[in-house]
Amino acid sequence: RSASRNVFSSSKWIVDSMPDALRQSRFHMKRCFARFTGMGRRLMKSQHLKEEIESTIEDKLERSKILEGSVGDILNSTQEAAVVPPYVAFAMRHNPGVWDYAKVNAENLSVVIITAKEYLKFKEMIIDENWAKDDNALEVDFGAFDFSTPRLSLSSSIGNGMNYVSKFMTTKFSGNSESAKTLIEYLLALSHHGEKFMINETLNTIKKLQEALIIAEVFVSALPKDTPYQNFEQKLKEWGFEKGWGNNAERVREKMRMLSEILQAPDPTNIEVFFGQLPVIFNIVIFSVHGYFGQSDVLGLPDTGGQVVYILDQVKALEEELLSRIKQQGLNVKPQIIVVTRLIPDAQGTKCNQEIEPIINTTHSYILRIPFRTEMGVLRQWISRFDVYPYLERFSQDASAKIVELMEGKPDLIIGNYTDGNIVASLVASKLGVTQATIAHALEKTKYEDSDMKWKEFDPKYHFSCQFTADLIAMNAADFIVASTYQEIAGSKNRPGQYESHVEFTMPGLFRVVSGISAFDPKFNIASPGADQSIYFPFTENHNRLTKFQPAIEELLYSKKDNDEHIGFLADRKKPIIFSMARLDIVKNITGLTEWYGKNKKLRSQVNLVIVGGFFNPSKSKDREEMAEIKKMHALIEKYQLKGQIRWIAAQTDRYRNSELYRSIADTKGAFVQPALYEAFGLTVIEAMNCGLPTFATNQGGPAEIIVDGVSGFLIDPNNGDESSNKISDFYEKCKGDPEYWHRISQGGLKRIYECYTWKIYATRVLNMGSAYGVWRQLNKEQKQAKQRYIDMFYNLQFRKLAKNIGTPSEEKQPFTPTE
Ligand code: UDP
Ligand code: LCN
């Protein structure tokens, strides 16, 4: 059994064909399996298996026949194999979200299909045999609580949850008087600061409501369409209707008709639109805990990158959308959006020590900062996002009290960001009983190979035991999950998604997750972010260009002397520039790009390289990964003698100036390169494309969805530097022969952005989700409560202990100041 799993397993035929496939090539397969098991217990990836097969079967013809036949199919769908002689167990994934497991005896090639749980137990033997054999080892099974939740069944429907929830609601409302009663209760409860909306107690049964709707609709239809609501408000009130139906006769009529139709015979389109337009969301709280979180001088600092940009832009878009909805609803309510983050007393010149900071370009939104406290007092300094867990419970309590005070009540929607924000959002939302959304930005689990199996190795530095526990709690507690791309949920053909990697996994010695989340859960939705188009606009819009930055950018790119802001120089300024900008994390692979460039003579002759990121002096950095990357950059510049062709610019914090930098690079007919080993979404890709800069981005992660290779940009393989640098070089070769080619790609990028990646599209979707899932949680109250009890227990017994183990600086005897 696997409650969380999709019932249809399209890879089944592969598992079923395994015995035959192995039998057909018995001689060679026996030798290969002997080789797999020959090296003892280990975990092998598919590439690894293929390499060993290649070196075992010497005959080329024979080998390709096998690799192209059914054995090849098995290998292609294999994600990993666990070897515990004499067995090899395969984890196979044929379609996003769909897994099968089989165990092969290397001696006689017999095959047994096994469950996920059996596979995990088998795999644990590699690391910790005692744990694997312990009958009472902790097993986590969130799926056990999902028996009544409908599941999607097609991989292609993943990420389209809201659509399906509307369909499920349709079924629930059809001919089910209990659910219809819930609908009345839901409508009756709509209010804000004591003011009632939509209907009042006069209309407390379906029958009464239906009758009143018919009378009111006839009345409203007779009015001119643009009659303001105030003119007929009194009349509607007499029949039991309150504000919120619309600001004019036409809107009110439409909405009344829609509800009448839903009550008569529900259909998903009406349900989605009707609930999306209800006055339910005015106050939103967004948690983004670790920081630096601020509006100026913070970008490019360790851990402070796209998430901050995303949230600030998101707030602006949500506020605009809220205001426009409130107007259309005919209400006079002021919305409020609060972004809650940590207050850092040692703010290093940023505003992160200010409690409240209004958000620029908004009217009703602000940042609220709450310090990290322990019984020793307030934590003064920045700490890495991997170390924040011990502070979060206290932070949630302090934040929750302050939010209720500022909003004069509960918020209507709570959105978490990243592991820390999401666990805090879960605690606060469950305490206050509010609809909760989570946004991951990046789940760390897939970033580090075998981070689950090898968690003990990683834990001293990264505390993944705590982080993955928190992630599981948040994704299960959330009413809906906003993902930027499909791949974030369910990956691509060959690579499992970030959420998908939490479906079934094990951390030997800690817990075995037999059902963490299902990629087929209808709570998953894709809403991709955009870039602020008042900042990131095409280089061709000359009248808007921020010319005041141009002298500074000229200096930044071309002056010949090293200083604190830049080192290296560009000897030949006629060459186009290939450009990259990122935090200097290992996964961002900026050093990889520098090395590809260093190695590729042709590319070096065609273009210059400009990098923005990090500092030059490793001792200035507080971040362990960044320090290592800085040293590596210096070494590469030396090794490949890059001076004269490279400009390395320190991390930049001004978005306006950066946007002009992208455009100035476009002026040189340059290109943007995003070479990350893995990128969850990749805002720089969107920014560059918005500026009309042809973009080469990693095929590992989000960018693979953003860019259509060869049309709106190019995808490059970060694990194959030669191929990638040649692809850039070929592009420039082609541009030489056809100068229009550069413009076609630039235009292709812009077209793609306007169609799919704007904040307007995003805000509409997310607010609709907030409404739809708010109803959905009411309809599934009991099941939700049962799951919440399980989550509470897991939090208390597991998370708290793990967080405590991390320790706080005071316990490590670091300088500390008493409570402020
Ligand atoms: N950024 C910046 N200065 C830097 C490095 C990055 O302003 O030195 C900005 C960049 O323009 C983008 C964000 O930080 O808006 C990075 O977002 P992305 O999604 O690319 O990566 P993340 O840092 O979130 O992993
Ligand atoms: C975090 C990341 O790592 C990026 O891939 C995203 O673009 C960013 O957050 C915004 O969601």
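Just above sits the structure.
Residues numbered from 1 in each chain as written. Chains lettered and ligands numbered in written order. Predicted model: local features only at pLDDT ≥ 70, side-chain atom pairs only at ≥ 80, totals over all residues. Heavy atoms only, no water.

Thoughts on the overall build of the chain
Here's step 1: Looking only at helices and strands, one finds 30 helices and 27 strands in the chain.
Here's step 2: The C-alpha atoms of the chain give 28 Å as radius of gyration, which agrees with the globular expectation for 820 residues (28 Å, within 12%).
Here's step 3: In terms of its C-alpha atoms, the chain occupies a principal-axis envelope of roughly 85 × 70 × 65 Å.
Here's step 4: For the chain, with 820 residues in total, the buried portion stands at 62%.
Here's step 5: Carbon and sulfur atoms form 51% of the exposed surface of the chain, whose accessible area is close to 32,300 Å². (Helix = DSSP H or I, 4+ residues; strand = E, 2+ residues; numbered from the N terminus. Rg over C-alpha atoms; globule rule 2.2 N^0.38 Å. Buried < 20%, exposed > 50% of the residue type's maximum accessible area, 1.4 Å probe, protein only. Areas by Shrake-Rupley, 256 points an atom, 1.4 Å probe, with all protein chains shown as cover.)

What about the packing of helix α9 (residues 177-188) against helix α29 (residues 759-779)?
Here's step 1: Where α9 contacts α29, the axes come no closer than 10 Å and their chain directions differ by 125°. Considering their axes alone, α9 and α29 lie oblique with respect to each other. Of the two elements, α9 crosses α29, and the hand of that crossing is right-handed. Every residue of α29 that contacts α9 at Ser179, Thr182 and Tyr186 is listed here: Ser771, Gly774, Val775, Gln778 and Leu779. (Axes fitted to C-alpha atoms, helices over the stretch in contact; angles between N-to-C directions. Parallel < 35°, antiparallel > 145°, perpendicular 65-115°, else oblique. Left-handed = near helix turned anticlockwise from the far one by under 90°. Contact = heavy atoms within 4.5 Å.)

Here we look at the pairing of strand β17 (residues 480-483)
Regular strands place their side chains on alternate faces of the sheet.
Here's step 1: What you see with β17 is no split at all: Phe480 and Val482 on one side and Ile481 and Ala483 on the other are buried throughout.
Here's step 2: Relative to strand β20 (residues 524-526), β17 runs parallel, the two sharing three bridges. Across the sheet, Ala483 pairs through a bridge with Ile526, a residue of β20. (Pairing = 2+ DSSP bridges.)

Regarding the side chain of Glu687
Here's step 1: Looking at where Glu687 falls in the secondary structure, it is placed in helix α25 (residues 683-690).
Here's step 2: One buried charged residue, Glu687, remains without a salt bridge, the closest side chain of opposite sign being Arg655 at 5.5 Å.
Here's step 3: When neighbours within four sequence positions are excluded, Glu687 is seen to be in contact with Val309, Ala531, Tyr536, Met581 and Tyr662. (Lys, Arg positive; Asp, Glu negative; His and termini not counted. Salt bridge = Lys/Arg side-chain N within 4 Å of Asp/Glu carboxyl O.)

Describing the side chain of Arg545
Here's step 1: Among the structural elements, Arg545 can be located in the loop between β20 and α20 (550-558).
Here's step 2: Within polar-contact distance, the side chain of Arg545 engages the side chain of Asp667 at 2.7 Å.
Here's step 3: Beyond its immediate stretch of four places on either side in the chain, Arg545 contacts Phe537, Phe539, Gln550, Glu660, Arg663, Ser664 and Asp667. (Polar contact = N/O pair within 3.5 Å; in protein donor to acceptor, adjacent residues only side chain to side chain.)

Some points on the sheet that holds strand β18 (residues 505-507)
Note on sheets: strands pair through backbone hydrogen bonds, and any given pair is parallel or antiparallel.
Here's step 1: Pairing within the open sheet is mixed, and its three strands lie in the order β6-β19-β18. The open sheet is flanked by β6 (139-141) and β18, the only strands paired with a single partner. Strand-to-strand twist of the sheet, defined as the mean angle between neighbouring strand axes without regard to direction, takes the value 20°.
Here's step 2: As judged from the three bridges shared by β6 and strand β19 (residues 511-515), these two strands associate in the parallel manner. When the sheet's bridge partners are listed, Glu139 is paired in β19 with Arg512.

Structural notes on the nonpolar core
Soluble globular proteins tend to pack their nonpolar side chains together in the buried interior.
Here's step 1: Of all hydrophobic cores here, the largest spans 170 residues; its most connected members are Phe241 and Phe579.
Here's step 2: Looking at this core element by element, the count peaks at eleven residues for α29.
Here's step 3: In contact with Phe241, not counting residues within four places along its chain, are Met198, Ile199, Leu203, Leu209, Ala212, Leu213, Ala216, Leu236 and Met256.
Here's step 4: In terms of nonpolar packing, the next biggest core, distinct from the first, is built from 54 residues, Ile338, Leu472, Ala477 and Phe794 among them. (Core = buried A, V, L, I, M, F, W, Y, C linked by side-chain atoms within 4.5 Å.)

Considering the pairing of strand β16 (residues 435-439)
Here's step 1: Burial analysis of β16 places five of its five residues in the buried class, which makes it a mostly covered element.
Here's step 2: Here β16 shows two buried faces, one formed by Thr435, Ala437 and Ile439 and the other by Gln436 and Thr438.
Here's step 3: As defined by bridge partners, strand β15 (residues 413-417) adjoins β16 across five bridges and the pair is classed as parallel. Paired with Ile414 across the strands is Gln436, a residue of β16.
Here's step 4: Here β16 runs beside β17; their pairing, made up of three bridges, is parallel. Considered in β17, the bridge of Ala437 is made with Phe480.

A look at the site of ligand 1
Here's step 1: Around ligand 1 sit 19 residues, and of these Gly306, Arg583, Lys588, Gln652 and Glu687 come closest.
Here's step 2: Between Thr684 and ligand 1, the recorded distance is 3.3 Å, taken from a backbone N or O atom to an oxygen atom.
Here's step 3: A distance of 2.5 Å separates an oxygen atom of ligand 1 from a polar atom in the side chain of Glu687.
Here's step 4: In isolation ligand 1 offers 540 Å² of accessible surface; the protein chains occlude 92% of this area.
Here's step 5: Looking at the shell around ligand 1, the elements with two or more residues in it are α14 (306-329), α24 (655-667) and α25. (Near = heavy atom within 4 Å.)

Topic: the site of ligand 2
Here's step 1: Taken together, the neighbourhood of ligand 2 is formed by Gly306, Gln307, Tyr310, His441, Glu679, Ala680, Phe681, Gly682 and Leu683.
Here's step 2: Here an oxygen atom of ligand 2 sits 2.9 Å away from a polar atom, N or O, in the main chain of Gly682.
Here's step 3: Out of a free accessible area of 290 Å², ligand 2 has 91% covered by protein chains.
Here's step 4: Looking at the shell around ligand 2, the element that brings in the most residues is α14, giving three residues.
Here's step 5: Of the residues that constitute the shell around ligand 2, the class distribution is four nonpolar, four polar and one charged. (Nonpolar A, V, L, I, M, F, W, Y, C, P; charged D, E, K, R; others polar.)

A few points about the sheet that holds strand β11 (residues 356-358)
Here's step 1: Reading across the sheet, the eight strands line up as β11-β12-β10-β9-β15-β16-β17-β20 and stay open at both edges, with mixed pairing between neighbours. Each edge of the open sheet is held by one strand with a lone partner, namely β11 and β20. In this sheet, neighbouring strand axes are inclined to one another by 25° on average, regardless of whether the strands run parallel or antiparallel.
Here's step 2: Judged from the five bridges that link them, strand β9 (residues 283-287) and strand β10 (residues 336-343) form a sheet pairing that is parallel. Looking across to β10, one finds that Phe287 is bridged to Val340.
Here's step 3: Contacts from helix α16 (residues 418-432) reach β9, β15 and β16, with the element oriented near 155° to β15.

Some points on the environment of Leu213
Here's step 1: Assignment of secondary structure puts Leu213 in helix α10 (residues 206-221).
Here's step 2: Spatially, the C-alpha atoms of Leu213 and Leu259 are 8.2 Å apart, while their sequence positions differ by 46 residues.
Here's step 3: Residues contacting Leu213, with those up to four places away along its chain left out, are Phe241, Trp245, Met256, Leu259, Ser260 and Leu263.

As for the packing of aromatic side chains
Here's step 1: For the structure shown, the criterion picks out 48 aromatic pairs.
Here's step 2: Look at Phe505 and Phe511: their rings are 6.4 Å apart centre to centre, the planes differ by 80°, and that puts the pair in the edge-to-face class. The pair Phe505 / Phe511 is uniform in exposure class, with both members buried.
Here's step 3: Both rings, one in Phe681 and one in Tyr757, keep their centres 6.2 Å apart while their planes meet at 50°; by these two values the pair is tilted. On the criterion of sequence distance, the pair formed by Phe681 in the loop between β25 (671-674) and α25 and Tyr757 in the loop between α28 (740-756) and α29 is long-range, its members being 76 residues apart. By the burial criterion, Phe681 is buried, and Tyr757 matches it.
Here's step 4: The residue whose ring lies beneath Lys103 is Tyr87, and the NZ or CZ to ring-centre distance is 4.5 Å.
Here's step 5: Its end group placed over the ring of Tyr164, Lys167 keeps NZ or CZ at 4.7 Å from the ring centre. (Phe/Tyr/Trp six-rings, centres within 6.5 Å; stacked < 30°, edge-to-face > 60°. Lys NZ or Arg CZ within 6 Å of the ring centre and 35° of its normal.)

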